[in-house]
Amino acid sequence: MIQALESVRTNCHRLDWVIDLDIKGFFDNIDHGKLMQALEKHVPEKWVLLYIKRWLEAPVEKNSGELVEKQGKGTPQGGVVSPLLSNLFLHYALDKWLENTDKTVKFPRYADDAILHCKDKAHAERTLKAVRERMADFGLELHPDKTKTVYCKDYRRR
C-alpha cells in the first residue's frame, strides 16, 4: 500500500491530470463467463474450475430466508476468494487493456478503485471515455458520483 501511494505521488509530479475512478456495484456485476475465461488462462485443473463455477452460481440466502439466484454475474461479497477473483477479472478487463492501448497512462488500482495519471486534460477526457466504453463491454459501469477528472495542482502549476 505504501509503495502504491509513493507511485501516485511520483506520477502526480510527472503527469498533470488524474482520473479517480470507481466501478459501481463491482462485485455484484462481475460477468461469470468472462471471469471463467480469465481463470482458464491460469488454472489448468478442470475440477478446480468446476468448483469455482459452482461456487459463483450458488444462490445466496438473504436474512429473510429468500434465495437469490446469481443470473450469471456477481461474486459473493465476503467470500474468501472473491477479492482474488475480482482482481483477476479486472487484470484483464482494465489493467492489461490499458497497458496495451495507452502506455503513457500510469495507474495503481485497488480492487474496483483506480487512479489513472494522464498528460493533459484532453488525454484524461479521451482516456475516461475509452475506459467507460471498455467497462460497458464487460457489463460494468463507472460510478457517476465517485468517478472524476482532477488537475494535480501544486506550487509549480496554477
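A brief structural summary. Each chain has its residues counted from 1, running along the sequence as written. Reporting of local features is limited, given that this is a predicted model, to residues whose pLDDT is at least 70; pairs of side-chain atoms are given and counted only at 80 or more, and all residues count toward the totals for whole chains, interfaces and linings. Only hydrogens and water are set aside when side-chain values are computed; all heavy atoms of the structure are taken into account.

Some remarks on the pattern of salt bridges
Right, on to step 1. For this analysis, a salt bridge means a side-chain nitrogen from Lys or Arg found within 4 Å of a carboxyl oxygen belonging to Asp or Glu. This model, assessed by the stated rule, comprises five salt bridges.
Right, on to step 2. For the salt bridge of Lys 53 with Glu 57, the shortest nitrogen-to-oxygen distance reads 2.9 Å. Placement of both Lys 53 and Glu 57 in helix α4 (residues 46-57) is noted, with a separation of four residues, approximately one turn of the helix.
Right, on to step 3. When accessible area is computed with a 1.4 Å probe and restricted to protein chains, residues below 20% of their type maximum are described as buried, those above 50% as exposed, and intermediate ones as partly exposed. For Glu 57, a relative accessible area of 40% corresponds to the partly exposed category. Every helix listed is a DSSP run of H or I at least four residues long, and every strand listed is a run of E at least two residues long, numbered separately from the N terminus.

Thoughts on the nonpolar core
Right, on to step 1. Side-chain atoms within 4.5 Å link the members of a nonpolar core, which is a set of buried Ala, Val, Leu, Ile, Met, Phe, Trp, Tyr and Cys residues. Counting residues in each nonpolar core, the largest one holds 34 residues, and the members touching the most others are Leu 39, Leu 116 and Met 135.
Right, on to step 2. Where this core is concerned, the elements lending two or more residues are β1 (17-24), α3 (32-40), α4, α5 (82-101), β5 (113-118) and α6 (121-137).
Right, on to step 3. At eight residues, the largest contribution of residues to this core is made by α5.
Right, on to step 4. What makes two residues a contact is simply this: any of their non-hydrogen atoms within 4.5 Å. Look past the residues within four positions of Leu 116 in its chain and what remains in contact with it is Trp 17, Val 18, Ile 19, Leu 21, Leu 98, Val 105, Lys 106, Phe 107, Thr 127 and Val 131.

Some thoughts on the packing of aromatic side chains
For any two aromatic rings, the description comes down to two numbers: the centre-to-centre distance and the angle of the planes.
Right, on to step 1. Aromatic contacts are taken between Phe, Tyr and Trp rings whose centres are within 6.5 Å, Trp giving its six-membered ring; a plane angle under 30 degrees counts as stacked, one over 60 as edge-to-face, and the others as tilted. Counted according to the given criterion, the structure contains four aromatic pairs.
Right, on to step 2. Their ring planes at 55° and their centres at 5.1 Å tell us that Trp 17 and Tyr 151 sit as a pair that is tilted. Residue Trp 17 is found in strand β1, and its partner Tyr 151 is found in strand β7 (residues 148-151); the two are separated by 134 residues along the sequence.
Right, on to step 3. For the pair Phe 26 and Phe 27, a centre-to-centre distance of 5.3 Å together with 65° between the ring planes defines the contact as edge-to-face.
Right, on to step 4. Given a relative accessible area of 2%, Phe 26 falls into the buried group.
Right, on to step 5. Sitting over a ring, as applied to charges here, requires NZ of Lys or CZ of Arg to be within 6 Å of the ring centre and within 35 degrees of the ring normal. Between the NZ or CZ atom of Lys 34 and the centre of the ring of Phe 138, over which it lies, the distance is 5.6 Å.
Right, on to step 6. Positioned above the aromatic ring of Tyr 51 is the side chain of Arg 54, whose terminal nitrogen or guanidinium carbon lies 5.7 Å from the ring centre.

Here we look at unusual backbone geometry
Right, on to step 1. Look at Gln 71: it is not a glycine, yet its phi comes out positive at around 60°.
Right, on to step 2. Summarising the element assignment, Gln 71 is placed in the loop between β3 (67-68) and α5.
Right, on to step 3. Even without being glycine, Ala 111 reaches a positive phi, approximately 55°.
Right, on to step 4. In this structure, Ala 111 sits in the loop between β4 (109-110) and β5.

Here we look at the environment of Leu 98
Right, on to step 1. Among the structural elements, Leu 98 can be located in helix α5.
Right, on to step 2. Spatially, the C-alpha atom of Leu 98 lies 8.4 Å from that of Val 131, the residues being 33 residues apart in sequence.

A few points about α6
Right, on to step 1. To estimate how far a helix should reach, multiply one less than its number of residues by 1.5 Å. Its 17 residues place the ends of α6 24 Å apart at the C-alpha level, agreeing with the 24 Å of an ideal helix rising 1.5 Å per residue.
Right, on to step 2. Taken residue by residue, α6 has His 123, Ala 124, Thr 127, Leu 128, Val 131, Arg 134 and Met 135 as its buried positions. The arc enclosing the buried residues of α6, seen along the axis, measures out at 130°, which places them on a common side. Exposed residues pointing more than 90 degrees away from the buried face of α6 are listed as Arg 126, Lys 129, Ala 136 and Asp 137. Arc definition: directions from the helix axis to the C-beta atoms.

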